[in-house]
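One-letter residues, chain by chain:
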Amino acid sequence: MEAVLQTKGLLYLPSKPKTRAFYPLPQGGLRHRFNSFNSLKPKPLEGLSLSLSSDGFQKFQGFAKKPQLISQKNRFFPVCKAEAAAAADGVPLLGENESPKFMGIELVTLKKIIPLGLMFFCILFNYTILRDTKDVLVVTAKGSSAEIIPFLKTWVNLPMAVGFMLLYTKLANVLSKQALFYTVILPFIAFFGAFGFVLYPLSNYFHPTALADQLLNILGPRFLGPIAILRIWSFCLFYVMAELWGSVVVSVLFWGFANQITTVDEAKRFYPLFGLGANVALIFSGRTVKYFSNLRKSLGPGVDGWAVSLKAMMSIVVLMGLAICGIYWWVNHNVALPNRSKKKKEKPNMTTMESLKFLVSSKYIRDLATLVVAYGISINLVEVTWKSKLKAQFPSPNEYSSFMGDFSTATGIATFTMMLLSQWIFDKYGWGTAAKITPTVLLLTGVGFFSLILFGDPLAPALAKFGITPLLAAVYVGAMQNIFSKSAKYSLFDPCKEMAYIPLDEDTKVKGKAAIDVVCNPLGKSGGALIQQFMILTFGSLANSTPYLGGVLLVIVLGWLGAARSLDGQFTALRREEELEKEMERVAVKIPVVSQDESGNGSLTSDSSSLNPTGGDSAGASTEPSSPRNV
């Protein structure tokens, strides 16, 4: 008999099953019927070993035996599982085909993730080329210097960014999502192509060089930065468009589209991979900039090597932009969008004054805001000063661009490595140490950089033994400072900042993030530029204000470290409080336990009866002490 059961197992379906083989089904829903079945005790099958093969069960998972439903004649009939149970177990229903997979990933998911990865690669490949090129244009242009950058960020970049976002909001109300995507990205592609082939070659004809020279003679050299914006206005426009590519195309278009077509589970699994892919794009684009910047070496005399390099790089930007549009079109026509809940979460719309009041009211939020503002100011103070020394060392646009290509490649490699190490740092040393690494890196490298600028002459004999000048040493140390600080920011500072919101209550979490977005992000970005503008107008030039900028950087980084230390204590206390509350909630919950009677059959009892085994319950349970076991 045992062999017969093993052969047929759960695969046996009678051709004409009779209803008399089952217990009478009471009227009511499915839950009522199953509960009534559980109250009936089937007679055990004497002398029969029911060692049904698990292989048979695996081959036909849509069915399961229900011993409670078997008649007294010991005849077995398979009973279909409820659809909810099958779905909960992750088992496909009868007649439902399992989704095809490749390397453990569903093909439906791969149709979304692979195009998104390619889009992200193309967008960041372009961004690296544009970021390196914009600095070369405005810093090495005739009649300009690195002093133009603080004025450019404050008085041109910021107003155009605000204006663009207002225009984007208006367009989003009247255009479909696909039309909005093309309407935003195509003007970027057209501008960069036109700049390389039209605007830059003809820049000498429409730049007001004579007017800028007259204003410079009247106002003096301390106004070199503001006047340079007028002198090379087309280069400044390129600078702003390159900055907007990073904030608009990456943050608004790509991530908005990615969040539209992916589910939460897919995002948790694949979004971190996009960060690693971004640094791969950084490495490849840095090599591309390096290659085209060295083209001038193979050109004849009298040829503008920078113009040739610019045309080649802008051609790549246009091709990559068109590839982004093509991938976007393919996804929209071949990938089904996931179902979304129409319920919207309310987000507090805080004004600037309300945000400031909320920041002042909470010490935790003040410390978190200090971290955000301090990073923005510190990186700007060092970066602009470094770029002024970079121009002095590499005055040619091609040499400057070639160095920036190496810089981008090194930044990508360092960030990729730091992202792989960041998880180990968090696990080994905790949040506090991870939060202090970025300001510590900025402090140490900043001290070395400003020391080489201020005390370069006494160090010249020692540096000459290594074959470098104090200026070149300052350029290399400044490059290391930017590389390590940016890699630490992407891999440690940003995760620490987001993790700091987690233990807060929901109201403080939402309002605190809104306040920091409204006040602290713009203040951090423009704060460094405003300090530099004040120094330049006060002391006459960026070089004269270098000692004071170093002192300001030291004060800001020390304040940053103090805020990180304070926030670490509060963060740890909140985490312990959260864990204690969870433990208390777990203890307070009634945990069902299993007690066994004399016959060995288990029955569910409450935790109160298990804690007081000598007391009987209302159902007349056995008064013998039971052995509670958590279910």
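Computed from a predicted structure; not experimentally measured. (Residues numbered from 1 in each chain as written. Predicted model: local features only at pLDDT ≥ 70, side-chain atom pairs only at ≥ 80, totals over all residues. Heavy atoms only, no water.)

Of regular secondary structure, the protein possesses 21 helices and six strands. Out of the 631 residues in the protein, the part that is buried amounts to 42%. Expressed as a percentage of contacts within the protein between residues at least 6 apart in sequence, the contacts between residues at least 24 apart total 80%. (Helix = DSSP H or I, 4+ residues; strand = E, 2+ residues; numbered from the N terminus. Buried < 20%, exposed > 50% of the residue type's maximum accessible area, 1.4 Å probe, protein only. Contact = heavy atoms within 4.5 Å.)

Turning next to helix α18 (residues 470-499). The end-to-end C-alpha separation of α18 is 41 Å, in line with the 44 Å expected for 30 residues at 1.5 Å each. Its maximal kink placed at Lys489, α18 deviates by approximately 45°. Most of α18 is tucked away: 21 of the 30 residues are buried. (Expected span 1.5 Å × (residues − 1). Bend = angle between axes of the 7 residues up to and from the residue.)

We now examine the pattern of salt bridges. As a working rule, side chains carrying opposite charge can pair if their charged atoms are close by. Within this structure, the stated rule accounts for 11 salt bridges. In this structure, Asp406 engages Lys290 in a salt bridge whose closest nitrogen and oxygen atoms are separated by 2.9 Å. Of the two residues, Asp406 sits in helix α16 (residues 397-454) while Lys290 sits in helix α12 (residues 264-293), which places them 116 residues apart along the sequence. With a closest N to O distance of 3.8 Å, Glu383 and Lys387 form a salt bridge. (Salt bridge = Lys/Arg side-chain N within 4 Å of Asp/Glu carboxyl O.)

Our focus in this paragraph is the packing of aromatic side chains. The tally for this structure, following the rule as stated, stands at 35 aromatic pairs. With a centroid separation of 4.6 Å and an interplanar angle of 20°, the aromatic rings of Phe120 and Phe254 are classed as stacked. On the criterion of sequence distance, the pair formed by Phe120 in helix α5 (residues 107-140) and Phe254 in helix α11 (residues 233-261) is long-range, its members being 134 residues apart. For the pair shown, Phe120 and Phe254 are each scored as buried. A centroid spacing of 6.5 Å and a plane angle of 25° characterise the contact between Phe164 and Tyr168, whose relative ring orientation is stacked. Of this pair, Phe164 and Tyr168 both sit in helix α6 (residues 148-174), separated by four residues, roughly a single helical turn. Tyr168 carries the same exposure label as Phe164, and that label is buried. (Phe/Tyr/Trp six-rings, centres within 6.5 Å; stacked < 30°, edge-to-face > 60°.)

Moving on, we get to the nonpolar core. If you look at the biggest cluster of nonpolar residues, it comprises 133 residues, and the most contacted ones within it are Ile185, Phe188, Phe192, Trp245, Met314 and Trp386. When we break this core down by domain, the ones giving at least three residues each are domain 1 (102-337) and domain 2 (349-587). Discounting residues that sit within four places of it in the chain, Phe192 has contacts with Leu130, Phe238, Met241, Ala242, Trp245, Met314 and Val317. (Core = buried A, V, L, I, M, F, W, Y, C linked by side-chain atoms within 4.5 Å. Domains from an automatic or database assignment.)

Before going further, it helps to spend a moment on helix α15 (residues 363-393). Compared with an ideal rise of 1.5 Å per residue, which puts 31 residues at 45 Å, α15 spans 45 Å between its outermost C-alpha atoms and is within 8% of the ideal. In terms of burial, α15 is a largely internal element, 23 of the 31 residues being buried.

We now examine the packing of α15 against α18. At a closest axis distance of 9 Å, the pairing of α15 and α18 adopts a crossing angle of 155°. Judged by the inter-axis angle, α15 sits roughly antiparallel to α18. In the packing of α15 onto α18, the handedness of the crossing is left-handed. Looking at side-chain class alone, the contact of α15 with α18 contains 15 nonpolar, five polar and five charged residues. (Axes fitted to C-alpha atoms, helices over the stretch in contact; angles between N-to-C directions. Parallel < 35°, antiparallel > 145°, perpendicular 65-115°, else oblique. Left-handed = near helix turned anticlockwise from the far one by under 90°. Nonpolar A, V, L, I, M, F, W, Y, C, P; charged D, E, K, R; others polar.)

Here Tyr400 shows up in helix α16. A C-alpha to C-alpha distance of 9.8 Å links Tyr400 and Lys290, two positions 110 residues apart in sequence. Ignoring sequence-local partners within four residues, the contact set of Tyr400 consists of Asp135, Val136, Val139, Thr140, Lys387, Leu390, Lys391 and Phe394.

This paragraph deals with the side chain of Asp132. Inspection of the secondary structure assignment puts Asp132 in helix α5. Beyond its immediate stretch of four places on either side in the chain, Asp132 contacts Val289, Met404, Gly405 and Ser408.

So, about the side chain of Arg131. Along the chain, Arg131 falls in helix α5. For Arg131, the residues in contact, after removing those within four places along its chain, are Leu282 and Ser408.

Inspection of the secondary structure assignment puts Lys297 in the loop between α12 and α13 (305-334). The class of Lys297 is exposed, set by a relative accessible area of 64%. Taking C-alpha positions, Lys297 is 9.7 Å from Asn398, a pair spaced 101 residues apart along the chain.

Mean pLDDT for the protein: 75, with 70% of residues reaching 70 or above. Averaged over each element, pLDDT in the protein is lowest for helix α4 (residues 83-88) (40) and highest for helix α7 (residues 177-199) (94). With pLDDT under 50 throughout, residues 1-96 is counted as low confidence; its partners more than four residues away or in other chains account for 78 contacts. A low-confidence stretch, residues 602-631 (pLDDT under 50), is modelled with 37 contacts involving residues beyond four sequence positions or located in other chains. (pLDDT = per-residue confidence, 0-100.)

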